[in-house]
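Coordinates in review
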Amino acid sequence: CGLLPGGKEGAGISSLGDALLERAMQSDGLRWLCTLSRACMNGCGQSKANVTFPYFPFPFPGFHLSGTVTEPATATEPEMTYKVAISFDRCKITSVTCGCGNKDIFYCAHVVALSLYRIRKPDQVKLRLPISETLFQMNRDQLQKFVQYLITAHHTEVLPTAQKLADEILSSNSEINQVHGAPDPTAGASIDDENCWHLDEEQVREQVKLFLSQGGYYGSGKQLNSMFAKVREMLRMRDSNGARMLTLITEQFMADPRLSLWRQQGTGITEKCRQLWDELGALWVCVVLNPHCKLEEKSSWLRQLRKWGEMDVCPLEDGNYGNELPNITNALTQSSSHSQDSLARPRRTVFTRAIEGCDLHWQDSHLQRIISSDFYVSPAYQREGESLLFNSQGQPLWLEHVPTACARVDALRSHGYPREALRLTVAIINTLRLQQQRQLEIYKHQKKELLQRGATTITNLEGWVGHPLNPIGCLFLTLTEACRLEEENCLEISGTEYTGDTKPPVYQHVPVTTGSQDSGESYLSLALEVALMGMGQQRVMPEGLYAQDKVCRNEEQIIARLQDLELDPVLVQTLRKQCILLLEGGPFSGLGEVIHRESVPMHTFAKYLFSALLPHDADLAYKLALRAMRLPVLETTAPSGDVTHPHHLVSVVPSRYPRWFTLGHLESQQCELASTMLTAAKGDMLRLRTVLEAIQKNIHSSSLIFKLAQDAFKIATPADSNSDTTLLNVALELGLQVMRMTLSTLNWRRREMVRWLVTCATEVGVRALVSILQSWYSLFTPTEATSIVAATVMSHNTILRLSLDYPQREELASCARTLALQCAMKDPQNCALSALTLCEKDHIAFETAYQIVIDAASTGMTYTQLFTIARYMEHRGYPLRAFKLASLAMTHLNLAYNQDTHPAINDVLWACALSHSLGKNELAAIIPLVVKSVHCATVLSDILRRCTMTAPGLAGIPGRRNSGKLMSTDKAPLRQLLDATISAYINTTHSRLTHISPRHYGEFIEFLSKARETFLLAQDGHIQFAQFIDNLKQIYKGKKKLMLLVRERFG
């Protein structure tokens, strides 16, 4: 690191080595660096190192180090040699150049290699005086020789410069001759000059710009987070480049063209980008809270932050551009005062907290004593006002806005003051404990009144979970870092990639250092305690989609860290104690007996607590989880008028509920909590009943209750063991509730739900099936009850699955038939066929069902339904009943002249065929119905043709005699059908000619040909047809081309 003042260089070498190692970890040359550092430490030569050096020593004059680094040849690349130059100033690399042309914000591997070689092998690098001292020792001839040799060695590069300098030196009036002496880059900077680590600012700008342009794709988000981590690393090493680099990053963020686009379109920033902005704002808070920054530095940052914050495109702290609809609550009346308050609400950007942080200082004597000593306790004789600074045990308190106090802790951690951060953290936790105790005392005095009223106006408007400064996460990390066991090999090297240790962290208890009596506490137990206190804070749901989503994400992040803790007896004791306090905390705790209607739900938190407590204190675990099941914002009976939001815009859209954008996620978490309890309570009927009641009371979504029912069923029926009856009954009861909830509402999963319920009831047993069959009207629609429920219950598979004896089968069948008849009475249109099918084996029930159909045929049933039932009757061997139903169906039908593709045509043909097969009487009965209902000539001619092909009565009804003769079209009943068919052809012809076009002429001629075939069935048919054609020629003589075609075909 160059020669330090006084000739001491060793003091800076080790720290520089560590710094270079840290920086190299981020570079692409990690493999080189690690191999090189091992080789250098082992004293190896060229053959053992990935990076080899020339035989001649490195010139190292004063504050400048230069050398040649050779990169060995590989299978695909030849050997490469690079010239490297490094400048130092007071233990910092201030500039680097390398012939590799590397463009990155980190040093290239060659710079790292040269620096490490100097650190590890100082004896092999020749030290030289600054070049100015060497020149001073030369006489004129030596100086001339030196200059000429230098120019000869680099004549193409330096000759123009050398000539220019020579001209200026020879000119007495030149600027160069007005200054005494000459610059020496190898002599180092003046003691008054600023010095800082080398940072390629242009590369920082380019890389951030590139990553932002990728919009979160190709891993750009990870790259930007890596740069943020680099800033934190710089701050921790007290590298002044940290703030410089953050400034460069922020400038590129503010220049992101998407900001203007999002603002113009009124759309929110994407979630990935929003998270990056949050980290940017948090880093600036850390920077401005540097406890040892200079006043002029802070002033400079403040000016810059205000400048950014005043820009229109600067993102707001709440995650949008302020045009999102506000929260809607019952308590707000539509008055102008609320709107005015909202309009006057100050604009808070992502930099606002950093700007506010510039007003904070570290000069408070009490704060200084807290962070400077582990043994700071209250004095024996306290002066006035000092009682507020310590608790009853004499431990110091820090009475400051909690997120602000935690921001101080984060700043201390970030700037490399871990011990000081720990001391302030302990003081904050002691303050939170005292606050918790006082809140408990307040609640004791108000408990009776609050329980009677069932509501509270007490709430925290600023929650600690999801807060922009992440106060709880900050305290937790500060405490757990002090307890973390670091493994020796925390890094793995694979190729050129850096892979961090993916194993969960391992912690040990580290006693809290305190001046008061030994409390037996550890930093680890404090970490658990403060996380529980923060997560259990009763707080109102913030406004806006992003803020609400952030609450959920932050909660999940903290819980993930909590799950890394191995709960030993000490931590279990802390867990139990804090859970009891949360349950007794009243309106100040999210798990208290009475909470604010718009409180953030505790489901996710309670699920963690339940799982953690269950092995140690099951009663407490269930009590806490059951308390957390509530979701009061969805309770329609919740009292209004208790919302204490100071700032609200009144929406023009009225609503029963506030705008909870994450409500779906919250309800799913509520469901997860319930499912966890159901699983744990398997086999315990009392606990299952309690959990079931909580579900029925608090969960309002049928789809979620259905999911719980399915989960319970799955757990209750493992593939490798017997079913659990208690849990099966719970699943069935939840399923019945779903049926009742969705009976009168539209639900696309309803059919699936009904089928599942029958499956569940089947698994429970025959009594469950009988029960749902008998109470079908409160659970199912008539269609569902007959087509799904009763049909499944009566299926062969169900009988086999239950291994039923004859009385049980008869009981089920009787219930199913009763259900079928009830459904047929209630909804004959949709249930009659199913009822007939279910009642087939019982003559009385079948006759009853048939009579229901007959009674309903003249009123509510359609021809399609009647034809379907008629076909069923024929299939079952009831042709006369089929005929009767078909006749009733015909009375509802009306086929126009042009409906020759109507779907009912097949039914009409079938009905006529059925009548014809039964005999002349039935045919005679149905033909008048056909003539009345069907006006389509082609259909009528088809029926007429079929009736003349075979003799009637071929069905062979017992007790009837049939002649076996073909029927004549000149006699009844076919005469009426023939006349109707001829009339239909005549009417259809005139109708078609009214709007006919030339392209349909050919089709029309074919139609007339079919008509002639029908005419000829009559005795005087040829005469009638000739007259018909003559009439057409006369009436439509204007259609000359068509009439010509008619003459050609028919004369």
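In this report, the structure presented in the accompanying data block is examined. In this text the structure is predicted, and so the values were computed from the model without any measurement.

1. Observations regarding the nonpolar core
- Membership of the largest hydrophobic core comes to 251 residues, with the highest contact counts inside it found for I249, F253, W277, W284, F351, L678 and F780.
- Ranked by size, the runner-up nonpolar core spans 17 residues in total, among them V96, V111, L114 and L116.

2. With respect to the pattern of salt bridges
- Under the criterion given, the structure shown has 43 salt bridges.
- In this structure, the salt-bridge partner of E201 is R244, at a minimum N-O distance of 2.7 Å. In this pair, E201 sits in helix α7 (residues 201–213) while R244 sits in helix α9 (residues 241–254), placing the two residues 43 residues apart along the sequence.
- Note on E201: relative accessible area 28%, which makes it partly exposed.
- The exposure class of R244 is partly exposed, given its relative accessible area of 25%.
- Between R413 and E481 there is a salt bridge whose closest N-O contact spans 2.8 Å. Of this pair, R413 sits in helix α16 (residues 402–414) while E481 is found in helix α18 (residues 471–481), placing the two residues 68 residues apart along the sequence.

3. Points about a nonpolar patch on the surface
- A cluster of nonpolar residues, I131, F146, V147 and L150, forms a patch on the protein surface that exposes about 290 Å² of accessible area.
- Element by element, the count of residues in the nonpolar patch is highest for helix α5 (residues 140–153), at three residues.
- The topology assignment puts F146 in helix α5.

4. As for the packing of aromatic side chains
- Applying the stated criterion across every chain, the model contains 16 aromatic pairs.
- When the ring of F228 is compared with that of F253, the centres are 6.0 Å apart and the planes differ by 45°; the resulting orientation is tilted. Here F228, found in helix α8 (residues 220–236), pairs with F253, found in helix α9; they are 25 residues apart in sequence, far enough to count as distant.
- The exposure class assigned to F228 is buried, which follows from its relative accessible area of 2%.
- Between F846 and Y878, the aromatic rings sit 5.3 Å apart at their centres with planes inclined by 25°, giving stacked as the arrangement. Of this pair, F846 sits in helix α34 (residues 843–857) while Y878 sits in the loop between α35 (863–875) and α36 (879–891), and the two are 32 residues apart along the sequence.
- Of the aromatic side chains, those joined through ring pairs into one cluster are F228, F253, W277, W284, W308 and F351.
- Taking NZ or CZ as reference, R992 lies 4.8 Å from the ring centre of F1007, over its face.

5. So, helix α27 (residues 725–742)
- Helix length check: α27, at 18 residues, gives a terminal C-alpha distance of 26 Å against a target of 26 Å (1.5 Å per residue), a fit within 8%.
- Taking burial as the measure, the 18 residues of α27 include 13 buried ones, the bulk of the element.

6. Here's the deal with the sheet that holds strand β2 (residues 64–71)
- On the basis of which strands lie adjacent, the open sheet formed by three strands has the order β2-β3-β4 and antiparallel pairing. The open sheet has two edge strands, β2 and β4 (93–98), and neither has a second partner. Pairs of neighbouring strands in the sheet enclose a mean axial angle of 20°, with direction left out of account.
- One ladder, built from eight bridges, connects β2 with strand β3 (residues 80–88); its direction is antiparallel.

7. A word on the environment of N225
- In this structure, N225 sits in helix α8.
- Under the relative-accessibility criterion, N225 is labelled partly exposed at 40%.
- Considered as a pair, N225 and L276 are 51 residues apart in the sequence and their alpha carbons are 7.3 Å apart.

8. As for the packing of helix α33 (residues 828–838) against α35
- At a minimum axis distance of 10 Å, the contact between α33 and α35 shows a crossing angle of 10°. Comparing their axes, α35 and α33 come out roughly parallel. Where α33 abuts α35, its residues Q829, N830, A832, L833, L836 and T837 lie against Q865, T868, I869, Y872 and M873.
- For the contact of α33 with α35, a count of residues per class yields six nonpolar, five polar and no charged.

9. Quick look at the packing of α27 against helix α28 (residues 750–764)
- Where α27 contacts α28, the two axes come as close as 10 Å, and the packing angle between them is 150°. Compared by their axis directions, α27 and α28 come out roughly antiparallel. Crossing geometry of α27 relative to α28 is assigned as left-handed. Only R750, M753, V754, W756, L757, C760, A761, E763 and V764 of α28 make contact with α27, whose side of the interface consists of L728, N729, A731, L732, G735, L736, V738, M739 and T742.
- Classifying every residue of the contact of α27 with α28 gives 13 nonpolar, three polar and two charged.

10. With respect to the environment of R258
- Residue position: R258 is located in helix α10 (residues 257–265).
- Along the chain, R258 and G215 lie 43 residues apart, while their C-alpha atoms are 9.1 Å from each other.
- Within the structure, R258 has its side chain in polar contact with the side chain of D256 (distance 2.9 Å).

11. Some thoughts on the side chain of S941
- Structurally, S941 can be placed in helix α39 (residues 937–949).
- Accessibility expressed as a relative area gives 16% for S941, which makes it buried.
- Apart from the residues within four sequence positions on either side, S941 is in contact with T981, Y985 and T1014.

Calculation notes
Residues numbered from 1 in each chain as written. Predicted model: local features only at pLDDT ≥ 70, side-chain atom pairs only at ≥ 80, totals over all residues. Heavy atoms only, no water. Core = buried A, V, L, I, M, F, W, Y, C linked by side-chain atoms within 4.5 Å. Buried < 20%, exposed > 50% of the residue type's maximum accessible area, 1.4 Å probe, protein only. Salt bridge = Lys/Arg side-chain N within 4 Å of Asp/Glu carboxyl O. Helix = DSSP H or I, 4+ residues; strand = E, 2+ residues; numbered from the N terminus. Patch = residues over 30% accessible without salt bridge, like charges linked within 9 Å, V, L, I, M, F, W, Y side chains within 5 Å. Areas by Shrake-Rupley, 256 points an atom, 1.4 Å probe, with all protein chains shown as cover. Phe/Tyr/Trp six-rings, centres within 6.5 Å; stacked < 30°, edge-to-face > 60°. Lys NZ or Arg CZ within 6 Å of the ring centre and 35° of its normal. Expected span 1.5 Å × (residues − 1). Pairing = 2+ DSSP bridges. Axes fitted to C-alpha atoms, helices over the stretch in contact; angles between N-to-C directions. Parallel < 35°, antiparallel > 145°, perpendicular 65-115°, else oblique. Contact = heavy atoms within 4.5 Å. Nonpolar A, V, L, I, M, F, W, Y, C, P; charged D, E, K, R; others polar. Left-handed = near helix turned anticlockwise from the far one by under 90°. Polar contact = N/O pair within 3.5 Å; in protein donor to acceptor, adjacent residues only side chain to side chain.

That's the geometry; what it means functionally is another story.
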